[in-house]
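Reading the structure
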Amino acid sequence: MSIFVGIDEAGRGPVLGPMVVAAVWVEPCNIAKLKLFKIKDSKKLTKKQREYLYDIILQNSRFHHYIKVMPRIIDSAINMPGDNLNKLEMRIIYSLLKKHNFTTAFIDSPVKNIKQYLQELNNLFPSKDIILEHKADENYIVCSAASIIAKVIRDRIIDKIRLRYGNCGSGYPSDKKSIIFLQRFGLRYPFLFRTSWKTYSTHCVQ
């Protein structure tokens, strides 16, 4: 029986909070149902739309999993010689693919060197069809579904941070509210932030 899996992340760029990598397994018969609800890349949807579609996706998927990559894990990868965020994300993608059987995987690529990582995936899953592309979350509905799952989970985590500590903004370096939050709490609560990032060191001076 054919089954598709889509994988995408949310929160790769922020200095605050985790990156979330999600995977969704969908049977072909449910792809048409997802299309009826106009599932698309999470960045093109409002928060309210994502929350609504989150439940629709769960109802029409066979499995779903997500991994919260906390700031300390990201910092460890960045600070480790020979490692980086791209390699960390690819390791997480490998672990998600191993959770359930699939015939075709649609993955939004975190790396520029697609050929190298595609070869690694093909070696790990020799009998599967692997599609590793930039903007796969825009081009394949099952990958769009994964992007929604990842974004909703990250948004909920940020909402909890906001509720406990105050207005933290979106967590992105371009967000003035996030920078003010970082300046206020960066040294007091470093576990909330990616301390290996230049944004952190720039705004958190001892």
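Above this text sits the structure in question.
What comes next is a walk through the structure. Counting starts from 1 at the beginning of each chain's written sequence and moves along it residue by residue. Reporting of local features is limited, given that this is a predicted model, to residues whose pLDDT is at least 70; pairs of side-chain atoms are given and counted only at 80 or more, and all residues count toward the totals for whole chains, interfaces and linings. To get the side-chain values, all heavy atoms of the structure are used, and hydrogens and water are removed first.

**Considerations on the pairing of strand β4 (residues 104-108)**
What counts is decided by this rule: The classification of residues rests on relative accessible area computed with a 1.4 Å probe and restricted to protein chains. Under 20% of the type maximum is buried, over 50% is exposed, and intermediate values are partly exposed. Helical segments are the DSSP runs of H or I of at least four residues, strand segments are the runs of E of at least two, and each set is numbered from the N terminus. Strand pairing is assigned whenever DSSP detects at least two bridges linking the two strands.
Most of β4 sits inside the fold, with 5 of its 5 residues counted as buried. The alternating pattern of β4 places T104, F106 and D108 and A105 and I107 on opposite faces, both of which are buried. Bridge count for strand β1 (residues 4-10) against β4 is 4 bridges, and the pairing is parallel. Across the sheet, I7 pairs through a bridge with I107, a residue of β4. The pairing of β4 with strand β5 (residues 129-133) spans 5 bridges and is parallel. Opposite I107, over in β5, you have L132 as the bridge partner.

**Considering the packing of helix α4 (residues 85-97) against helix α5 (residues 114-124)**
Rules: Here an angle of 0 to 180 degrees is reported between the N-to-C directions of two axes, which are lines fitted to C-alpha atoms, with helices fitted over the stretch in contact. Roughly parallel refers to an angle under 35 degrees, roughly antiparallel to one over 145, roughly perpendicular to one between 65 and 115, and oblique to any angle outside these ranges. Here a crossing is called left-handed whenever its near helix is offset anticlockwise from the far helix by less than a right angle, and right-handed whenever the offset is clockwise. Contacts are assigned to residue pairs that have any heavy atoms within 4.5 Å of one another. Note on residue classes: Ala, Val, Leu, Ile, Met, Phe, Trp, Tyr, Cys and Pro are nonpolar, Asp, Glu, Lys and Arg are charged, and everything else, Gly too, is polar.
Orientation of α4 relative to α5, taken along the N-to-C sense of each, is 25°, at an axis distance of 12 Å. Regarding the angle of α4 to α5, the classification is roughly parallel. When the axes of α4 and α5 are compared, the crossing they make is right-handed. Where α4 approaches α5, its residues K87, M90, Y94 and L97 are matched on the opposing element by Y117, E120, L121 and L124. Partitioned by chemical class, the residues of the contact of α4 with α5 number 6 nonpolar, no polar and 2 charged.

**So, a nonpolar patch on the surface**
Quick reminder of the rule: Surface patches are defined over residues having more than 30% relative accessible area and no salt bridge, joining like charges when they lie within 9 Å and nonpolar side chains (Val, Leu, Ile, Met, Phe, Trp, Tyr) when within 5 Å. Accessible surface area values rest on a Shrake-Rupley calculation with a 1.4 Å probe, where residue burial reflects the displayed protein chains alone. We count a salt bridge whenever a side-chain nitrogen from Lys or Arg sits within 4 Å of a carboxyl oxygen from Asp or Glu.
Among the surface-exposed residues, L36, F37 and Y52 lie close enough to one another that they form a single nonpolar patch of about 350 Å² accessible area. Exposure remark for L36: the relative accessible area of 69% places this residue in the exposed category.

**Quick look at the pattern of salt bridges**
This structure, assessed with the given rule, holds 11 salt bridges. For R50, the salt bridge identified is with D155, shortest N-O distance 3.0 Å. With R50 in helix α2 (residues 47-59) and D155 in helix α7 (residues 141-165), this pair connects stretches of sequence that are 105 residues apart. Summarising the burial analysis for this pair, R50 and D155 share the class buried. Close ionic contact of R156 with E51 constitutes a salt bridge, the shortest N to O distance being 2.9 Å. In this pair, R156 sits in helix α7 while E51 sits in helix α2, placing the two residues 105 residues apart along the sequence. Relative accessible area serves as the criterion here: at 33%, R156 is assigned to the partly exposed category. Salt bridges sharing common partners tie together D41, K43 and D137.

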